[in-house]
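# Survey of secondary and tertiary structure
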Amino acid sequence: MVPFDEARAHVLSQCSPRGPVPVALADALGCVLGGSVVAPEAVPPWANSAMDGFAVRSNEVAGASDQVPVRLDVVDTVAAGAAAITPVGPGQAVRIMTGAPMPPGADAVIMVERTRGGPSATVIEILDSVEAGRNVRLAGSDIEAGAQVLAGGTVLGPAHLGVLASVNVRRPVVIPRPRLGVISTGDELVDDDRPLGPGQIRESNRPMLVALARSFGVDAVDLGTVGDDRDALAEALSRAASTCDAVATSGGVSMGDFDLVKVVLDELADMRWMQIAIRPAKPFAFGVLGGTPVFGLPGNPVSSMVSLALLGVPGLRRIAGRSDLDLPRVQAVADGDLRRRPDGRAAYLRAVCSWNDGRLHARPVTGQGSHQLASAADANALIELPDGEGAAFGDHVTVVLLSPPLA
Ligand code: AMP
Ligand code: MG
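None of these values were measured; they are calculated from a predicted model.

Further remarks concern the pattern of salt bridges. Applying the stated criterion to the full structure yields 22 salt bridges. The salt bridge partner of Asp222 is Arg206, with a shortest N-O separation of 2.5 Å. Linking Asp222 in strand S17 (residues 219-226) with Arg206 in helix H3 (residues 205-215), this pair joins segments that are 16 residues apart in sequence. Connected through shared salt-bridge partners, Arg279, Arg340, Asp343, Arg345 and Asp387 make up one network.

Laid out in structure tokens, this is it:
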């Protein structure tokens, strides 16, 4: 058996990041920034008010209080989007809205709640003193023009997209999402609504693998099911490799398998067929077809899911330019008896992770067979049990998160 780390290292040694290209902001979520971004503009571009209130000269309202208000003439009103032109002279104030430019002469804003006079007053009573700069957002106080605003390698989250928009970077240069072609193989598979004939089963891996890959930010495409036909397999695999950044096949990687996919992949690609020291997902193949990495995932539905999560994801993330290659591993309290027997393999139990009493708990699902996809469907995590005797109820165990535990 091949140790898991060796198989993972083998995959990573043959996966390299795609070249960065400019993409629309709307397509950049989850992509890795190809280089650092320098802000061409300052944010905010000019000083503006952080409050609805009155722009004043702070030295004139020193000592103002409810008992001793300071009265100022209201000389103008500026809303967000208006250009402030009327200056604030001695004894004057400008009514100002949040986000409106600071009028010349004023150096602070008194919030409307600390004034008396009402919305159309021409004279306003100021009830508080204020220091210079209070409630004023200075130009460049979020981002200075010319400053590096995002570092190369940043995995772009929603707020990063907002930051890029705020400095007018419309087409950030990113490493695009890897395009993964997914192919199911096997003569027994039926993927339309025909009644099942003898020996036939419904194809279930493609919809799952495509969706799983997409949930990890991969641009997965469904390339259909191919039966055990040499020419059809060769054609489908070659086309997939030439149009995608990576290919995942399901089925035909187990020992003693008669599937032609093995024969054909061996002819076309430099494949390594492995028995990995994990359970499920022991059979796994990996190779390169015309420069394109090919993941040969096992056919058993749960195995193919686990295989993609544990061995596909690091390779795909490397292609995506990520430096955090694996799905997150965290500690959780075992909500179940997790005893096992030593067999030279690490076990990955499908589990439901949830928060309880401020701690993360992991409960294995009932039905841990590698064909029992219905039981595995509720799992959002894999409990990792190293080779050995397992764990007891209440022990801390390591879990691999397939999706964030929300509740
Ligand atoms: P294999 O890896 O091809 O030896 O397949 C292992 C098991 O998974 C067999 O029981 C297959 O029938 C089943 N299987 C293979 N591919 C699929 C698929 N795409 N959908 C559902 N079951 C599959
Ligand atoms: Mg098969």
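The next point concerns the site of ligand 1. In the vicinity of ligand 1 lie 18 residues, with Glu188, Glu203, Gly252, Ser254 and Asp257 positioned nearest. Between ligand 1 and Ser184, the relevant distance is 3.4 Å, taken from a nitrogen atom to a side-chain nitrogen or oxygen of the residue. Coverage of ligand 1 by the protein chains reaches 80% of its 490 Å² of free accessible surface. Here the shell around ligand 1 is built from residues that sort into four nonpolar, nine polar and five charged.

Here the focus is the environment of Val136. Looking at the element boundaries, Val136 is found in strand S11 (residues 136-137). Here the alpha-carbon distance between Val136 and Ala121, two residues 15 residues apart in the chain, equals 23 Å. Val136 has contacts with Ala47, Asn48, Met102, Asp107, Ala108 and Val109, leaving out every residue within four places of it along the chain.

To continue, consider the side chain of Arg350. Along the polypeptide, Arg350 turns up in strand S25 (residues 346-356). The side chain of Arg350 is buried and forms no salt bridge, while Asp343, the nearest opposite charge, is found at 11 Å. Here the side chain of Arg350 touches Tyr348 through a polar contact of 2.7 Å, landing on its backbone oxygen.

On the surface, Asp187, Glu188, Asp229 and Asp231 cluster together to form a negatively charged patch. With respect to the helices and strands, the residue Glu188 is situated in the loop between strand S14 (179-185) and strand S15 (189-190). Taking the relative accessible area as the measure of exposure, Glu188 reaches 33% and is therefore partly exposed.

Moving on to the nonpolar core. Ranked by size, the top nonpolar core spans 42 residues in total, and within it Leu180, Ile276, Ile278, Phe284, Phe295, Leu310 and Leu316 carry the most contacts. Going through the elements one at a time, helix H1 (4-13), S14, H3, strand S18 (246-250), strand S21 (283-289), strand S22 (292-297), helix H6 (301-319) and S25 are the ones with two or more residues in this core. In terms of residue count, H6 provides more of this core than any other element does, ten residues in total. Those residues in contact with Phe284, other than ones at most four positions away along the chain, are Val11, Val253, Arg272, Trp273, Met274, Ile276, Phe295, Gly296, Leu297, Ser307 and Leu311.

With respect to topology, three strands assemble into an open sheet ordered S1-S13-S2, the strand pairing being antiparallel. Both edges of this open sheet fall to strand S1 (21-22) and strand S2 (32-33), since each of them pairs with a single strand only. Relative to strand S13 (residues 173-175), S2 runs antiparallel, the two sharing two bridges. Residue pairing for S13: Val32 is matched across the bridge by Ile175.

All right, on to the pairing of S18 then. Among the five residues that make up S18, five are buried, leaving the element largely enclosed by the rest of the structure. Neither face of S18 is open: one carries Ala246, Ala248 and Ser250, the other Val247 and Thr249, and all of them are buried. Inspection of the sheet shows S14 paired to S18 by five bridges, in the parallel sense. In the sheet register, Ile183 faces S18, and the bridge partner there is Thr249. The pairing of S18 with S22 spans four bridges and is classified as parallel. Residue pairing across strands places Val247 opposite Val294, the latter belonging to S22.

Here the focus is the environment of Arg206. For Arg206, a relative accessible area of 8% corresponds to the buried category. Considering only alpha carbons, one finds Arg206 and Gly224, 18 residues apart in sequence, at a separation of 7.5 Å. Excluding residues that lie within four positions of it along the chain, Arg206 makes contacts with Val182, Ile183, Ser184, Asp191, Asp222, Gly224 and Thr225.

Okay, the packing of H1 against H6 next. Between H1 and H6, the least distance of the axes is 9 Å, while the angle of their chain directions is 30°. Overall, the two elements H1 and H6 adopt an arrangement that is roughly parallel. The chirality of how H1 crosses H6 is right-handed. Here H1 contributes Phe4, Ala7, Arg8, Val11 and Leu12 to the contact with H6, which in turn contributes Leu310, Leu311, Pro314, Gly315 and Arg318.

Take the environment of Ala84 next. The residue Ala84 is located in the loop between strand S6 (70-78) and strand S7 (92-96) in this model. With 250 residues separating them in the primary sequence, Ala84 and Ala334 have C-alpha atoms 62 Å apart. Setting aside residues no more than four positions away along its own chain, Ala84 makes contact with Val78, Pro101, Met102, Pro103 and Pro104.

Criteria and thresholds
- Residues numbered from 1 in each chain as written.
- Chains lettered and ligands numbered in written order.
- Predicted model: local features only at pLDDT ≥ 70, side-chain atom pairs only at ≥ 80, totals over all residues.
- Heavy atoms only, no water.
- Salt bridge = Lys/Arg side-chain N within 4 Å of Asp/Glu carboxyl O.
- Helix = DSSP H or I, 4+ residues; strand = E, 2+ residues; numbered from the N terminus.
- Near = heavy atom within 4 Å.
- Polar contact = N/O pair within 3.5 Å; in protein donor to acceptor, adjacent residues only side chain to side chain.
- Areas by Shrake-Rupley, 256 points an atom, 1.4 Å probe, with all protein chains shown as cover.
- Nonpolar A, V, L, I, M, F, W, Y, C, P; charged D, E, K, R; others polar.
- Contact = heavy atoms within 4.5 Å.
- Buried < 20%, exposed > 50% of the residue type's maximum accessible area, 1.4 Å probe, protein only.
- Lys, Arg positive; Asp, Glu negative; His and termini not counted.
- Patch = residues over 30% accessible without salt bridge, like charges linked within 9 Å, V, L, I, M, F, W, Y side chains within 5 Å.
- Charge placed at Lys NZ, Arg CZ, Asp CG, Glu CD.
- Core = buried A, V, L, I, M, F, W, Y, C linked by side-chain atoms within 4.5 Å.
- Pairing = 2+ DSSP bridges.
- Axes fitted to C-alpha atoms, helices over the stretch in contact; angles between N-to-C directions.
- Parallel < 35°, antiparallel > 145°, perpendicular 65-115°, else oblique.
- Left-handed = near helix turned anticlockwise from the far one by under 90°.

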